[in-house]
Amino acid sequence: MTKQSAAIIKITSKLALVPKQSAPIYCSSKAGLHIASKALSWQLERTPIKVFKIIARLVDTPMTQGRGKGKKIQLDTLVEEFWRNFSRDHYEMLIGKSKLLYLLQQFLPQVAEKIMRPGL
């Protein structure tokens, strides 16, 4: 049985947009995933394969326990936003406060870096 379409879903983070000083390797891997996903989506433009990219803030999971000091997004909130965007074929999904960081990075990059550099 063959499918009529398929989806690739990549999960990255706001650190793909603006890094924090204490995590250069993690941030560069997220930035690389961000760019690789964009290039892959261009390669697959004329195919039934869609490439979706989630750019989220810190998600409240067992892996992030003890980090974030109340600044995490709940997993169910992330899933709800993802599904709403996925259903509308929004290929790049800025989840939660990642939307604000994206705008800051576009129009006031020094402010975005000042906020993110110490890892707030």
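Placed above this text is the structure.
Predicted, not measured: the structure shown is a model, and the values here were computed from it. (Residues numbered from 1 in each chain as written. Predicted model: local features only at pLDDT ≥ 70, side-chain atom pairs only at ≥ 80, totals over all residues. Heavy atoms only, no water.)

Undergrad: With reference to specific residues and values, describe the nonpolar core.
TA: The biggest cluster of nonpolar side chains holds 11 residues, and these are Leu15, Leu17, Val18, Ala23, Cys27, Ile55, Leu94, Leu101, Leu104, Ala112 and Met116. Elements supplying a minimum of two residues to this core: helix H3 (98–107) and helix H4 (109–116). In terms of nonpolar packing, the next biggest core, distinct from the first, is built from nine residues, Phe52, Ala56, Val59 and Met93 among them. (Core = buried A, V, L, I, M, F, W, Y, C linked by side-chain atoms within 4.5 Å. Buried < 20%, exposed > 50% of the residue type's maximum accessible area, 1.4 Å probe, protein only. Helix = DSSP H or I, 4+ residues; strand = E, 2+ residues; numbered from the N terminus.)

Undergrad: With reference to specific residues and values, describe the environment of lysine 30.
TA: The residue lysine 30 is located in helix H1 (residues 24–43) in this model. In this view, lysine 30 contacts Ile11, Thr12, Ser13, Leu15 and Ala16; residues no more than four positions away in its chain are not counted. (Contact = heavy atoms within 4.5 Å.)

Undergrad: Please set out the pattern of salt bridges residue by residue, giving values where relevant.
TA: Summed over the entire model, instances satisfying the criterion amount to four salt bridges. For glutamate 92, the salt bridge identified is with lysine 53, shortest N-O distance 2.8 Å. Pair noted here: glutamate 92 is in strand E3 (residues 92–94) and lysine 53 is in strand E2 (residues 49–56), with a separation of 39 residues, a long-range link. Across the salt bridge formed by lysine 99 and glutamate 81, the nearest N and O atoms sit 3.2 Å from each other. Placement of the pair is lysine 99 in helix H3 and glutamate 81 in helix H2 (residues 75–87), with a sequence separation of 18 residues. Using a relative accessible area of 40% as the deciding quantity, one classes lysine 99 as partly exposed. (Salt bridge = Lys/Arg side-chain N within 4 Å of Asp/Glu carboxyl O.)

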